[in-house]
Amino acid sequence: MTVTAAGPLPTTPYDVAVVGAGVVGCAIARELARRPRLRIALVEAQDDVGQGTSKANTAILHTGFDATPGTLEARLVREGYTRLAAYAAETGIPVERVGALLVAWDEEQLAALPRLAEKAERNACHDTALLGPAELYAREPHLGPGALGALHVPGESIICPWTTTLAYATQAVRAGADLHLNTAVREVSPSDGHLLTTSRGTLRARHLVNAAGLHADTLDRALGHEDFTVTPRRGQLLVYDKLARPLVRHILLPVPTALGKGVLVAPTVHGNVLLGPTAEDLRDKRATGSTADGLAALRDKGRRVLPALLQEEVTAVYAGLRAATGHEDYRITAHPGQAYVTVGGIRSTGLTASLAIAAHVTGLLADGGLDLGPVREPEPVTMPNLGEAFPRPYQRPDLIAADPEYGTLVCHCERVSRGEIRDALASTVPPRSLEGLRRRTRARAGRCQGFYCGAAVRELFERGTRP
């Protein structure tokens, strides 16, 4: 079990190489690592896990109520919801079941709500309820004027996406998988399986899983397939300060359109409020910058949904790219003759579906000739709690009595202690940048964005990563 980011790659062939260490790739590597007979490589172009779409989604654990019935996505989201809810409880990933309200603002949207309720029934989501204006405003008193009704989906939840991805990667590595960071795949050729030419040299694998996200179509074409084209769909989001959190009790959703679920207002497990995302189809798969027009459009929509939110401070702005393909379903395809499975077109629901996708892909590999061997459950992990609804280390006298470092705050906005930063730097999959440390601890992610704690956090990071 190794994590490498430099130097030569191993020369011994792997049984399976998984390309892409986003939430789906890490889940697949974790599932495969449950088979101790297999030698697994998780290959990532960037310097950390979850660096692409996975770090910039809306952090919702979906019931799948609005998925297209009968699709693979609908099934995997439904299964994944149950699997991930249980996994989060076992590993300490923060989840809050706040429920969602699909709010109708005109007669056409109001007429669509019963159809959405029927769709939810077909997706085995049986607890939705139609609300009139009085009950809607009783539940959300700060909602903007003019709402005509809503569909209540009580099972929709909020979750920490960074901790989820990191938990999968941690268990995969501890179970024996090799994580190779800074390893961009440049070419794939047949050679007793697959020969991957990467930015760090060559790597051999008998079976290949393409979980490359935005670049899954490129890798698919390198293996001779033209099944889909990824169009990067940019979603810009605004993150409002924690003082805005009392304004909203549920995930507030619009009635969905062909472009997606639309602009939502949602609380986060970290205590903030999200407004977004936009849905902009682009050509550049690196265009994660925010734009004045995009943010202005979000504010316009937010002003109608939750007017008081616009009076609150914005803590951060970010943008992510989703892998849109023009198809309404995931593009998960096995090519047994090539010992290859492509996992493409995984949209924002991929976080929820991740564990179910991993089980499905493992089954496809077995059908394609991979001898999985016996199962050994991975060592349990307890992830650092980043959620505001649960006791943080600085609130635990027992923890501080045993180790005073947990009582010494470094980042006061997010109340991150020296002990948490130390633990992150010594973890199985440690951060290799200040941004990676931020995702693991929330240090520098608060209202001052590191203005006060930045120098101290950098000093601890550099000291902890010094050879």
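Going by the structure above, here's the rest.
What you are looking at is a predicted structure, and each value in this text was computed from that prediction instead of being measured.

Draft legend 1. Representation of helix α3 (residues 107-122) within the structure. The end-to-end C-alpha separation of α3 is 24 Å, in line with the 22 Å expected for 16 residues at 1.5 Å each. At Leu 113, α3 is bent by approximately 25°, the largest bend along its length, and proline Pro 114 sits one to four residues beyond. Restricting attention to buried positions, one finds in α3 the residues Ala 112, Leu 113, Leu 116, Ala 117 and Ala 120. The inward-facing, buried residues of α3 contact β6 (100-104), β7 (129-131) and β8 (149-153). Where α3 begins, the capping side chain belongs to Asp 106, and its oxygen is found 3.1 Å from the backbone nitrogen of Glu 108.

Draft legend 2. Here's a closer look at the environment of Leu 298. When you line up the elements, Leu 298 lands in helix α7 (residues 292-305). The exposure class assigned to Leu 298 is buried, which follows from its relative accessible area of 0%. Sequence-wise, Leu 298 and Leu 275 are 23 residues apart; in three dimensions their C-alpha atoms are separated by 6.9 Å. Among residues more than four places away in sequence, those in contact with Leu 298 are Gln 236, Leu 237, Leu 238, Val 263, Leu 275, Gly 276, Pro 277 and Thr 278.

Draft legend 3. Quick peek at the pairing of strand β21 (residues 340-344). In terms of burial, β21 is largely enclosed, as five of its five residues are buried. Because side chains alternate across β21, one face comprises the buried residues Tyr 340, Thr 342 and Gly 344, and the other comprises Val 341 and Val 343, equally buried. Two strands pair when backbone bridges link them, and strand β13 (residues 201-210) and β21 are joined in this way by three bridges, in the parallel orientation. In the strand pairing of β21, Leu 208 is matched with Tyr 340. Two strands pair when backbone bridges link them, and strand β20 (residues 331-335) and β21 are joined in this way by five bridges, in the antiparallel orientation. If you follow Arg 331 over to β21, its bridge partner there is Gly 344. Taken together, β20 and the strand that follows it, β21, pair antiparallel across an intervening segment of four residues, in which Ala 339 is found at a positive phi of about 55°.

Draft legend 4. Representation of the pattern of salt bridges within the structure. Applying the stated criterion across every chain yields a total of 33 salt bridges. One salt bridge connects Glu 377 with Arg 34, and the closest N-O pair in it is separated by 2.5 Å. With Glu 377 in the loop between α8 (350-367) and α9 (397-402) and Arg 34 in the loop between α1 (23-32) and β3 (40-43), the pair connects residues that are 343 residues apart, well separated along the chain. Classification of Glu 377 as exposed rests on a relative accessible area of 51%. Under the relative-accessibility criterion, Arg 34 is labelled buried at 13%. Across the pair Arg 221 and Asp 217 runs a salt bridge, and its minimum N-O distance is 3.5 Å. With a gap of four residues between them, Arg 221 and Asp 217 both fall in helix α6 (residues 216-222), about one helical turn apart. Using a relative accessible area of 30% as the deciding quantity, one classes Arg 221 as partly exposed. Residue classification places Asp 217 among the buried positions, given a relative accessible area of 3%. Among the ionic contacts, a cluster of salt bridges with common partners joins Lys 242, Glu 388, Arg 392, Glu 414, Glu 420 and Arg 442.

Draft legend 5. A look at the packing of aromatic side chains. Enumeration according to the criterion identifies two aromatic pairs in this entry. Residues Tyr 87 and Tyr 168 carry aromatic rings whose centres are separated by 5.3 Å and whose planes lie at 45° to one another, so their mutual orientation is tilted. Linking Tyr 87 in helix α2 (residues 72-91) with Tyr 168 in helix α5 (residues 161-174), this pair joins segments that are 81 residues apart in sequence. When sorted by exposure, Tyr 87 lands in the same class as Tyr 168, which is buried. When the ring of Phe 451 is compared with that of Tyr 452, the centres are 5.1 Å apart and the planes differ by 85°; the resulting orientation is edge-to-face. Residue Phe 451 is classed as exposed on the basis of its relative accessible area, which comes to 67%. Geometry around Tyr 14 places Arg 39 over its ring, the cationic atom sitting 4.1 Å from the centre.

Rules and cut-offs
- The written sequence of each chain sets the order in which its residues are numbered from 1.
- The predicted origin of the model limits local features to residues at a pLDDT of at least 70 and limits the giving and counting of side-chain atom pairs to 80 or more, whereas totals for whole chains, interfaces and linings rest on all residues.
- Only hydrogens and water are set aside; all other atoms, that is, all heavy atoms of the structure, feed into the side-chain values.
- Labels follow the DSSP assignment, with helices taken as runs of H or I lasting at least four residues and strands as runs of E lasting at least two, numbered in each case from the N terminus.
- In this analysis, the expected span of each helix is defined as 1.5 Å times one less than the number of residues it contains.
- One axis fitted to the seven residues ending at a residue, another fitted to the seven starting there: the angle between these axes is the bend at that residue.
- Classification of residues uses two cut-offs on accessible area relative to the type maximum, computed with a 1.4 Å probe and protein chains only: under 20% is buried, over 50% is exposed, and between them is partly exposed.
- In what follows, residue pairs with any heavy atoms lying within 4.5 Å of each other are defined as contacts.
- Pairing of N or O atoms within 3.5 Å defines a polar contact, subject to two protein rules: one partner must be a possible hydrogen donor and the other a possible acceptor, and residues neighboring in sequence count only if both atoms are side-chain atoms.
- Pairing between strands is defined by DSSP: at least two bridges between the two strands are required.
- Within this document, salt bridges are pairs made up of a side-chain nitrogen of Lys or Arg and a carboxyl oxygen of Asp or Glu, the two lying within 4 Å of each other.
- Only Phe, Tyr and Trp rings take part, Trp by its six-membered ring, and two of them pair if their centres are within 6.5 Å. Stacked means planes under 30 degrees apart, edge-to-face means over 60, and tilted covers everything else.
- Geometrically, a lysine NZ or arginine CZ counts as sitting over a ring once it is within 6 Å of the ring centre and also within 35 degrees of the ring normal.

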